[in-house]
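# Structure assessment
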Amino acid sequence: MRRVQYERSGGPEVLELVSVELPTPGPGELLVRVDAVGVTLPVVRKVREQREPIALGGEIAGEVVAVGEGVDGYAPGYRVTGLVFGHGYADYALLSAAMASPIPDGASAVDAVALVRSGLVALGALDAASPKEGESALITAAASGVGHLAVQLARVRGAARVVGAVSNLAKAEFVQNLGADEVVEYSQESWGAPTDYVLDAVGGDLLTSAIAAMAPGGRLVAYSSGGGTIRAYDLLVGAKSVIGFQMARIARGRPDVYEQWRQELWQYYASSQLRPAVHAEFALEDAAEAHAVIEGRRNLGKVVLIPG
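A short tour of the structure in this document, coming up. None of the values given here were measured: they were computed from a predicted structure.

### Looking at the pairing of strand 10 (residues 182-185)
Where strand 9 (residues 161-166) meets strand 10, 4 bridges bridge the pair, whose relative direction is parallel. Note that in strand 10 the partner of Ala165 across the bridge is Val184. Running through helix 4 (residues 172-177), the crossover from strand 9 to the neighbouring parallel element strand 10 is right-handed.

Following this line, the structure appears as C-alpha cells:
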C-alpha cells in the first residue's frame, strides 16, 4: 500500500509517497480502506516547524476491511469516519474504534471528512464560548475548513450577528454565502462594531486585533496552534477573557461529549443547516500540492486527499 511521509521538516516539498506493508489492526482498532483524508493547518504547520518528523494523521473516512480484538459495533463493510493519530495519509489506516463514527446513508466520504473533525472543532470552540441567544460572533479564518463551519454553527446556535475575518477580501463572497453578515480583512484598522465572542483559529499577532474587536465582557476562544501573546492589560480594561480549547482533550477524556457533538453535527447536516464546503480534492500523490494550498491560505472550505 502507499503512504505519504517525510524525513525532515520543511515545506510541502518534503512530502513523499512510499510503499509500506499493510498494517494489522490491534485490540480496539479498525483497519480502514481510506476513501478521503482531510488536510488541516495544524498538520501542515507541524511538518514545517517540528524538528522530528511526525505521522501525518487527521480525519479519514472509508470502509472497514478488518477489525481487531475486542471491537464491538463495527464489522468489515461498515462506512466510518474518525480521527487517526498515526498514519492517515495512506491507502489504508488504523482507526481506534473509540474514535470512529458511522457515516450515514446519503453522505459521501468527502462529506464526512469535511464535516466531522472540522465540525467537532468548530462546535467545541463554540461551546467553550458559552454563546447566548442574540449575541454577536466573530470568526477568524472564516473561509477555512473549520472556520466556514463555525460561521454556520454560530448562526444555528442563535447568533444575531456573525462577522467573518479573513486574510483576503477575495474570500468575502464565499463567507457571506455561508451566512456572515459582515466580512473584514485582518489588515483593517477596525473590525467594525465589537462582538460578544471571538472564535480564533489564527493566533500570533492577530490576537491583539481579535481582543480589541470584543465588547466589554467578551470571550475569545483560542483553538489555534499558531501561538501568540496577549497583554493582561488588554483583558483587564474590558473585563475580557480568553479560553483555550483543544479537541484532543475532549476526544480522549470526554467520549460522551465527543459523541454528543458528532450526533449534533450529523443532525444539522441532515436538516441542511450545516453545509460543508470542499475547496479541492487531490490525489494522494499530490499531497504536497494540497499542503501548499493550506499553507498559502488559499482555500475556501476543506482540502481533501483522495487515495483511490
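### A look at empty space enclosed by the protein
What the rule picks out here adds up to 1 cavity of 30 Å³ or more. Taken as a whole, the largest cavity holds about 40 Å³ of empty space. In this structure, the largest cavity is lined by Glu59, Gly82, Leu83, Met99, Val116, Arg117, Leu120, Tyr258 and Arg262. Elements that contribute at least two residues to the lining of the largest cavity include exactly strand 5 (79-84), helix 2 (109-128) and helix 8 (255-270). Looking at which element gives the most residues to the lining of the largest cavity, the answer is helix 2, with 3 residues. Each residue belonging to the lining of the largest cavity can be placed in one class, and the counts come to 5 nonpolar, 1 polar and 3 charged.

### Things to note about the nonpolar core
Membership of the largest hydrophobic core comes to 105 residues, with the highest contact counts inside it found for Leu30, Tyr89, Leu95, Leu199 and Leu305. A per-element tally of this core places helix 2 first, with 12 residues. Look past the residues within four positions of Tyr89 in its chain and what remains in contact with it is Arg2, Arg3, Val4, Val37, Val39, Val43, Leu56, Gly57, Leu284, Ala287, His291 and Leu305.

### Brief notes about the packing of helix 1 (residues 41-49) against helix 9 (residues 287-295)
Contact geometry of helix 1 with helix 9 gives a least axis separation of 10 Å together with a crossing angle of 105 degrees. In terms of axis orientation, helix 1 runs roughly perpendicular to helix 9. Of the residues in helix 9, those touching helix 1 at Leu41, Val43, Val44, Val47 and Arg48 are His291, Ile294 and Glu295. Tallied by class, the residues present in the contact of helix 1 with helix 9 amount to 5 nonpolar, 1 polar and 2 charged.

### A look at the layout of surface pockets
The calculated volume of the largest pocket comes to roughly 1,100 Å³. Together, 43 residues line the largest pocket, and Thr40, Leu41, Pro42, Val43 and Arg117 are the ones closest to its centre. When residues of the lining of the largest pocket are traced back to their parent elements, those giving at least two are helix 1, strand 4 (58-67), strand 5, helix 2, helix 7 (247-253) and strand 15 (302-306). In terms of residue count, helix 1 provides more of the lining of the largest pocket than any other element does, 5 residues in total. Considering only residue class, the lining of the largest pocket consists of 23 nonpolar, 12 polar and 8 charged. The volume enclosed by the second largest pocket comes to roughly 200 Å³. Considering the residues around the second largest pocket, the lining is formed by 18 residues, among which Pro23, Gly86, His87, Ala93 and Leu94 are closest to the centre. When residues of the lining of the second largest pocket are traced back to their parent elements, those giving at least two are strand 5 and strand 6 (92-96). With 5 residues, strand 6 is the largest single contributor of residues to the lining of the second largest pocket.

### Quick look at the side chain of His291
Mapped onto the elements of the fold, His291 is located in helix 9. Not counting residues up to four positions away in its chain, the partners in contact with His291 are Pro12, Leu15, Val39, Val43, Val44, Val47 and Tyr89.

### Let's talk about the pattern of salt bridges
Inspection of every chain in the model, using the stated rule, returns 14 salt bridges. With a closest N to O distance of 2.4 Å, Glu59 and Lys302 form a salt bridge. Separated by 243 residues along the polypeptide, Glu59 in strand 4 and Lys302 in strand 15 bring together distant segments of the chain. When its relative accessible area of 1% is taken as the criterion, Glu59 is described as buried. One salt bridge connects Glu259 with Arg262, and the closest N-O pair in it is separated by 2.4 Å. Of this pair, Glu259 and Arg262 both sit in helix 8, 3 residues apart, roughly one helical turn. Relative accessible area serves as the criterion here: at 28%, Glu259 is assigned to the partly exposed category. One connected set of salt bridges, linked through shared partners, spans Arg2, Asp91 and Glu285.

What counts, and where the lines are drawn
Residues numbered from 1 in each chain as written. Predicted model: local features only at pLDDT ≥ 70, side-chain atom pairs only at ≥ 80, totals over all residues. Heavy atoms only, no water. Pairing = 2+ DSSP bridges. Helix = DSSP H or I, 4+ residues; strand = E, 2+ residues; numbered from the N terminus. Right-handed = clockwise from strand over helix to strand, strands pointing away. 1 Å grid on protein atoms, 1.4 Å probe; cavity = no way out; pocket = protein on both sides within 12 Å on 5 of 7 lines; lining within 4 Å. Points joined across faces, edges and corners; volume = space filled by probe spheres on them. Nonpolar A, V, L, I, M, F, W, Y, C, P; charged D, E, K, R; others polar. Core = buried A, V, L, I, M, F, W, Y, C linked by side-chain atoms within 4.5 Å. Buried < 20%, exposed > 50% of the residue type's maximum accessible area, 1.4 Å probe, protein only. Contact = heavy atoms within 4.5 Å. Axes fitted to C-alpha atoms, helices over the stretch in contact; angles between N-to-C directions. Parallel < 35°, antiparallel > 145°, perpendicular 65-115°, else oblique. Salt bridge = Lys/Arg side-chain N within 4 Å of Asp/Glu carboxyl O.

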